[in-house]
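Topology and contacts: notes
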Amino acid sequence: LRPRGSVAAGGGGAGERPALDVGALEEALEAAQKCDALEREGLIGDCANNPWEQSVRLRPILELLAQPSFVAPAHFRQGMETCMACLLHAPEGCLRYPGRMVEFLDSPGAAQLLRYLEWLETAVQEVTPSFGGTSFRTILVPQRVRSALSSWPAECALLQHSATVLVEALLLRGPEHQKHYAELRKASHARQQIEDEQVSEYTGISMDLESAAADFADQIKQVLSMGIEWPQVARISELAVSNIQQLAADFLQNQEACCGPAVEEFEAQNARAAASKAAICEARRHVRRHEQAFAQAARRFTEVASQLVAWTSTLVPKLQLLSQHRDALRLAADVRQQVPALVREHLAAEDDLDTAQTELRKHRRHAQAAQMQRQGRSKHVPGISAAAGVVLEKHFELRVAHTGERVQQLAEQLLDAQRSLQEAEASLPLELDVEEDRASGAQAPNQGSVLTAEERLALKLASIEQYHEEVAIQVSEEKDERARISKQVSERRTEEALRRRVEPDFMCPITHERMGEPVLAADGHTYEREAIEKWLQMHNTSPMTGALLGHRYLTENYALRHIIQSSAAAGSQQQQQQQDSGDGGLSALAVEEQEETSEAEEDA
């Protein structure tokens, strides 16, 4: 059931539910105020849980839902995900993925998102006092922010649905409440009028009877003062009493004729009042159910909003600064994307230069060897092969010159790119996170120097040597760990062997340890004295069966005590013998562990 004009018709796309109609909301709150004023008259009696008053107190958050700004802008989730990846997960004062941030700032949704976040912070501050003034400042945890962001559309949709249902309930039940309250007031007034009329009539009858009785008393006094004899006085008294009795009979007959319809009318008004009260209570229950559901959804909404606001209070200033330095950020992002390509191209050009130089040296050696062979065989002028060798040498020299110029140009371009990147980063309000470059393998040289083949080989040898050192350290740590584990295993084996030698009958049922002073209790079981005495201080039952004990006297179990002592002495002697004769076994175990350690080192 949707009352006319209750909420705005139509629907939006996913996550774009229509806001509440302002006119319908004002009408509903006005109805709630009127019902609250009627409740305060006290005709119902129970004003402790007044749903109309609670609904009026929810006006701030209801008006918040009626604002068009409450609807999240398009691509809200994508924009917040970008901000989380670039700012929330970055170290303090740093920015990750500048290219992604530039793309977001250039999109039309960035300005809408900024306005929405600024409005949201102010709105949450305004509606928070409606729930006891709870502060929305919380500890900033990325996991909580991500959880709040994922549940934000669902929380907004649930709050809007609860608000719509509450407004419909107020618009539907408010007029009914007012109507039935007017009927209750009318019935109460009619009952009061009937009661006043009957009281007035009965008061008049009592006054008439009282006047007749007073006249009778005066008449008796007058007759007695005249000295009239008693028989005549009795006749006069009987006649006066008969007159009073007749007057009372007339009053009773008239009252019977008038009292019946009055009682019926009073009962009818009572029935009308009871029906009105029942309808009023039903309206209150209906509104209270939806008001409590909306209040619960609103509390959940403010809790989720507090997580977003706690982060957006620092996010919005950063986004504003980045928007002001958008050109520098775009330049830094473009250069950061160009630097890796320049580095790869520069390395490829260096490899080409090394190849060209190697081919030139190889050609010169071959040409020199061929010339020496020709000089040994003949003294003639070199022929066509010598001329071809000279042309080929010129070709290799030109190739070396061209590749060298290419390497120099790329080195200069790389230096210019690094200089531009440094200038752009210096003008940014946030530092660019270098972990992104390390993860993507896009580190640029620190000083832009061109490394020769010998220097690159030396770097590779140094890295291999460092790797071998790390492996040696790891193998040493593995040795120590295996020794520690072997020691722990031997100790546990010894403890387990000792534990197995303890007979079950020697164990105290309470402490589960070997008894040193066994005593016999009233239940027939043997316990450690100290343990059973502590038990009897707080219980009068058996620890084994739970039955009541006949007494709390304890008796020394000398036989079991002697057996335990003899067993302990025999066990210690046997253990000493095993230790004396177990050197060979332990040495074999050590040899086996040493072989396993050697195999692990070889694998490493």
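The text that follows walks through the structure, step by step, so that each part is easy to find. In this text, all values refer to a predicted model and were calculated from it rather than measured experimentally.

Looking at the packing of aromatic side chains
Taken as a whole, this structure holds five aromatic pairs when the rule is applied. Note on Phe76 and Tyr116: the rings are 5.5 Å apart at their centroids and 75 degrees apart in plane angle, and the pair reads as edge-to-face. Taken together, the residues span a long stretch of sequence, with Phe76 in helix α4 (residues 76-88) and Tyr116 in helix α6 (residues 109-127) at a distance of 40 residues. Judged by its relative accessible area of 7%, Phe76 is buried. Here the aromatic residues Phe70, Phe76, Tyr116, Trp119, Trp152 and Phe301 are joined through ring pairs into a cluster of three or more.

Things to note about the sheet that holds strand β4 (residues 526-528)
Pairing is antiparallel in the open sheet, where three strands are placed in the order β4-β3-β5. In the strand order of this sheet, the two ends are held by β4 and β5 (555-556), each with one partner. As defined by bridge partners, strand β3 (residues 518-520) adjoins β4 across three bridges and the pair is classed as antiparallel. By the bridge assignment, Pro518 is partnered in β4 with Glu528. Strands in contact with helix α13 (residues 529-538) are β3, β4 and β5; relative to β4, the strand with the most contacts, it is inclined by about 95 degrees.

Description of the nonpolar core
Core analysis: the biggest nonpolar cluster contains 78 residues, and Met101 and Trp152 have the highest contact counts within it. The next biggest cluster of nonpolar side chains, apart from the first, holds twelve residues, and it includes Phe506, Cys508, Ile532 and Leu560.

Things to note about the side chain of Ser162
You can see Ser162 is positioned in helix α7 (residues 142-225). For Ser162, a relative accessible area of 10% gives the class buried. Beyond its immediate sequence surroundings of up to four residues, Ser162 is in contact with Ala293, Phe294 and Ala297.

Thresholds applied
- Residues numbered from 1 in each chain as written.
- Predicted model: local features only at pLDDT ≥ 70, side-chain atom pairs only at ≥ 80, totals over all residues.
- Heavy atoms only, no water.
- Phe/Tyr/Trp six-rings, centres within 6.5 Å; stacked < 30°, edge-to-face > 60°.
- Helix = DSSP H or I, 4+ residues; strand = E, 2+ residues; numbered from the N terminus.
- Buried < 20%, exposed > 50% of the residue type's maximum accessible area, 1.4 Å probe, protein only.
- Pairing = 2+ DSSP bridges.
- Contact = heavy atoms within 4.5 Å.
- Axes fitted to C-alpha atoms, helices over the stretch in contact; angles between N-to-C directions.
- Core = buried A, V, L, I, M, F, W, Y, C linked by side-chain atoms within 4.5 Å.

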